[in-house]
Amino acid sequence: MQTILNDIELDWAELKCLAQAMQAGGDPSLAKVAQRNIRQMQRHLEDLAAALQNIDDAKVPQSEPLRQTLSTPTPPPPTPPHEEKAPILAERIRPAGDLRHALSLNDSFRFSRELFGGDTSRMNEVLTQIGQAGSLDKAQEIFAREVHPEEGNEAANDFTELLKKYFDR
């Protein structure tokens, strides 16, 4: 379920960025990308609804209304004044984050399109596997096995550079 929530969070951030670009007078074709993003987010929300429906009813006591069993989320602790907050769409590697947070919006679209045939879900699965790899060598092995990049593919080379930066932290 956490994976689905992460996907929804990424979908939301991408959609927000696209909306800002369109308001700033960006390329009109961004509207088609935003519509595709909304459809993808709807699929993720449907997946989440299905996952929630499958949760065992015994976990939630029948005598209590659902809203009473849910806890209010606690806000994140304030950022100390000497630390800079990371941007929503991380343009740099965040040591505490996963590999997906290392991708900019443009990289995410590009890698999805050029390396994964436009299949964002598959890209997220591979990124999760790579993020769990203990070393750069293992990560590159997973990438080669899952993606089968062609020799000299510029997107594959850029992805490999991203992996080197990610595992060099």
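Residues numbered from 1 in each chain as written. Predicted model: local features only at pLDDT ≥ 70, side-chain atom pairs only at ≥ 80, totals over all residues. Heavy atoms only, no water.

Overview of the packing of helix 4 (residues 105-115) against helix 7 (residues 154-167)
In contact at an axis separation of 10 Å, helix 4 and helix 7 are set at 130° when each is read in the N-to-C sense. What the angle tells us is that helix 4 and helix 7 run oblique. Judged by the twist between their axes, the crossing of helix 4 over helix 7 is left-handed. Of the residues in helix 7, those touching helix 4 at Arg 110, Phe 111, Glu 114 and Leu 115 are Glu 154, Ala 155, Ala 156, Asp 158, Phe 159 and Leu 162. Across the contact of helix 4 with helix 7, the residue classes tally to 6 nonpolar, no polar and 4 charged. (Axes fitted to C-alpha atoms, helices over the stretch in contact; angles between N-to-C directions. Helix = DSSP H or I, 4+ residues; strand = E, 2+ residues; numbered from the N terminus. Parallel < 35°, antiparallel > 145°, perpendicular 65-115°, else oblique. Left-handed = near helix turned anticlockwise from the far one by under 90°. Contact = heavy atoms within 4.5 Å. Nonpolar A, V, L, I, M, F, W, Y, C, P; charged D, E, K, R; others polar.)

Brief notes about the pattern of salt bridges
Applying the stated criterion across every chain, the model contains 6 salt bridges. Between Arg 110 and Glu 114 there is a salt bridge whose closest N-O contact spans 3.8 Å. Highlighted residues: Arg 110 and Glu 114, both in helix 4, separated by 4 residues, approximately one helical turn. Among the charged side chains, a salt-bridge network with shared partners connects Arg 110, Arg 113, Glu 114 and Asp 158. (Salt bridge = Lys/Arg side-chain N within 4 Å of Asp/Glu carboxyl O.)

Regarding unusual backbone geometry
The phi torsion at His 148 lies on the positive side, around 55°, for a residue other than glycine. Counting through the fold element by element, His 148 comes out in the loop between helix 6 (136-147) and helix 7. His 148 sits in the exposed class, given a relative accessible area of 60%. (Buried < 20%, exposed > 50% of the residue type's maximum accessible area, 1.4 Å probe, protein only.)

Concerning the side chain of Thr 120
Mapped onto the elements, Thr 120 comes out in helix 5 (residues 120-131). Excluding anything up to four places from it in sequence, Thr 120 contacts Gln 40 and Ser 112.

Topic: a nonpolar patch on the surface
Taken together, the side chains of Met 1, Leu 5, Leu 52 and Ile 55 present a nonpolar region at the surface, about 320 Å² in accessible area. Position of Leu 5 relative to the elements: it lies in helix 1 (residues 2-23). Owing to a relative accessible area of 37%, Leu 5 belongs among the partly exposed residues under this scheme. (Patch = residues over 30% accessible without salt bridge, like charges linked within 9 Å, V, L, I, M, F, W, Y side chains within 5 Å. Areas by Shrake-Rupley, 256 points an atom, 1.4 Å probe, with all protein chains shown as cover.)

Regarding helix 2 (residues 30-53)
Counted at 1.5 Å a residue, the expected span for helix 2 with its 24 residues is 34 Å, and the 34 Å between its end C-alpha atoms agrees. Looking only at helix 2, the buried set comprises Val 33, Ala 34, Asn 37, Gln 40, Met 41, His 44 and Leu 48. The inward-facing, buried residues of helix 2 contact helix 1, helix 4 and helix 5. (Expected span 1.5 Å × (residues − 1).)

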